[in-house]
Amino acid sequence: MHSLDRPDIEACRARLRGGSRTFFTASFLLPRRIRDSATALYAFCRVADDAIDQPGSGEATLAELRTRLAGIYAGRPAPAPEDRAFAAVVNHYGIPRALPEALLEGFEWDIKHRGYEEIEDLHAYSVRVAGTVGAMMALIMGVRDPALISRACELGAAMQLTNIARDVGEDARAGRLYLPRRWLREAGLEPHSWLRSPSHGEALGAVIQRLLRVAGELYAKAESGIAQLPAGCRVGIRAAGMIYADIGREIEINQLDSVSRRAVVPARRKAKLLWRAASNPFATADSRDSGAMLAARFLVDAVAASSGPSGEARLDLPPAWWEISRRLVWTAELFERLEQREQMSRSRDLHPGNI
């Protein structure tokens, strides 16, 4: 087992606590070794994502991130807790450099405000900014089978499509349009005109619904992979996937309006989803490979071509039922506490005189 510096991991966890609440909370359902390594991975990805989202970010920001990634793979990480922790994870699990490089390529597409004509083009983007993270998570769990790496990429892509469906208005106000442009034209919307004056309507709702259906197909396909993960990891990954998928349900409750509203899954429903995720954690699934989505094949090939860590074992021993129950109760309560804290923060922002 590799050794991660505790202060670095705590710093990584603090970063995720504010910006990645679903992952931060669901991660407590993972075994400790997996949880710390996954926290390091997500924290570095969060650093990169936050840097790209900063006003005025551009090629210089991307060049700096690539320099930091080069340092990580050279064994000389930048003096930041996220870089040091991710470097330890990369070294221990043999994560191919092609995976985080593809993540940065996706961020480059963001900087350039790249448009996506077809759903296949959007798949290529989603695989880079989210499928890569799914693949790296699988490697941290000791999984290198091509079929399971494919399912991990598809789960990440499904989550990203859900994000896109949720954030249509927010992205448009930032000058970004991720919805397939051909779909918009088929619905009677001219992409450039709509982007200049974004608004919700029946036609846009139909496009968002179409995107949610594609995401739903990927979630269903990914489930067979989740059922083949190490037993101690299944509940946490399934819970994260179910909570993300439920964002789509919330979008539908909002009448597919992602322009003037932002879908949020209430904490109590998240807690119910946690228990559903744990209802049959040791189920098996058909192990036949249904084939990788075309956009993810280069990631699957990169993992297959890598040597991987030496002597790394999967965590196949299931945790005791009482240990699962303890984690579920604690995590459900954490969802509640985080939501209460966010509600109090919003109240202070709206009514500063009452502080």
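As a starting point, this report considers the structure included with it. Fair warning: this is a prediction, and the values are worked out from it, not measured in the lab.

### A few points about the overall build of the protein chain
Piece 1. A count of helices and strands for the protein chain gives 16 helices and zero strands.
Piece 2. Among the 355 residues that make up the protein chain, the fraction classed as buried is 55%.
Piece 3. Accessible surface for the protein chain amounts to roughly 16,000 Å². Of this, 51% is attributable to carbon and sulfur atoms.

### Regarding the packing of aromatic side chains
To describe a pair of aromatic rings, one takes the distance between the centres and the angle between the planes.
Piece 1. Scanning all chains against the criterion turns up five aromatic pairs.
Piece 2. An angle of 15 degrees between the planes, with centres 4.8 Å apart, marks the rings of Phe-44 and Phe-86 as stacked. Of the two residues, Phe-44 sits in helix H3 (residues 32-53) while Phe-86 sits in helix H5 (residues 81-93), which places them 42 residues apart along the sequence. The residues Phe-44 and Phe-86 share a single accessibility class, namely buried.
Piece 3. Ring geometry for Tyr-116 versus Tyr-178: centroids 6.1 Å apart, planes at 15 degrees, classification stacked. Placement of the pair is Tyr-116 in the loop between helix H6 (98-111) and helix H7 (119-140) and Tyr-178 in the loop between helix H9 (168-173) and helix H10 (181-186), with a sequence separation of 62 residues. With respect to burial, Tyr-116 and Tyr-178 carry one shared label: buried.
Piece 4. Among the aromatic side chains, those forming a connected cluster through ring pairs are Trp-109, Tyr-116, Tyr-125 and Tyr-178.
Piece 5. The lysine or arginine in question, Arg-114, covers the ring of Trp-109, its NZ or CZ lying 3.8 Å from the ring centre.

### Let's talk about the environment of Glu-108
Piece 1. Position of Glu-108 among the secondary structure elements: in helix H6.
Piece 2. A relative accessible area of 16% means that Glu-108 is categorised as buried.
Piece 3. With 46 residues separating them along the chain, Glu-108 and Leu-62 place their C-alpha atoms 6.9 Å apart.
Piece 4. Excluding residues that lie within four positions of it along the chain, Glu-108 makes contacts with Glu-59, Leu-62 and Arg-66.
Piece 5. Separated by 3.1 Å, the side chains of Glu-108 and Arg-66 make a polar contact.

Calculation criteria
- Residues numbered from 1 in each chain as written.
- Predicted model: local features only at pLDDT ≥ 70, side-chain atom pairs only at ≥ 80, totals over all residues.
- Heavy atoms only, no water.
- Helix = DSSP H or I, 4+ residues; strand = E, 2+ residues; numbered from the N terminus.
- Buried < 20%, exposed > 50% of the residue type's maximum accessible area, 1.4 Å probe, protein only.
- Areas by Shrake-Rupley, 256 points an atom, 1.4 Å probe, with all protein chains shown as cover.
- Phe/Tyr/Trp six-rings, centres within 6.5 Å; stacked < 30°, edge-to-face > 60°.
- Lys NZ or Arg CZ within 6 Å of the ring centre and 35° of its normal.
- Contact = heavy atoms within 4.5 Å.
- Polar contact = N/O pair within 3.5 Å; in protein donor to acceptor, adjacent residues only side chain to side chain.

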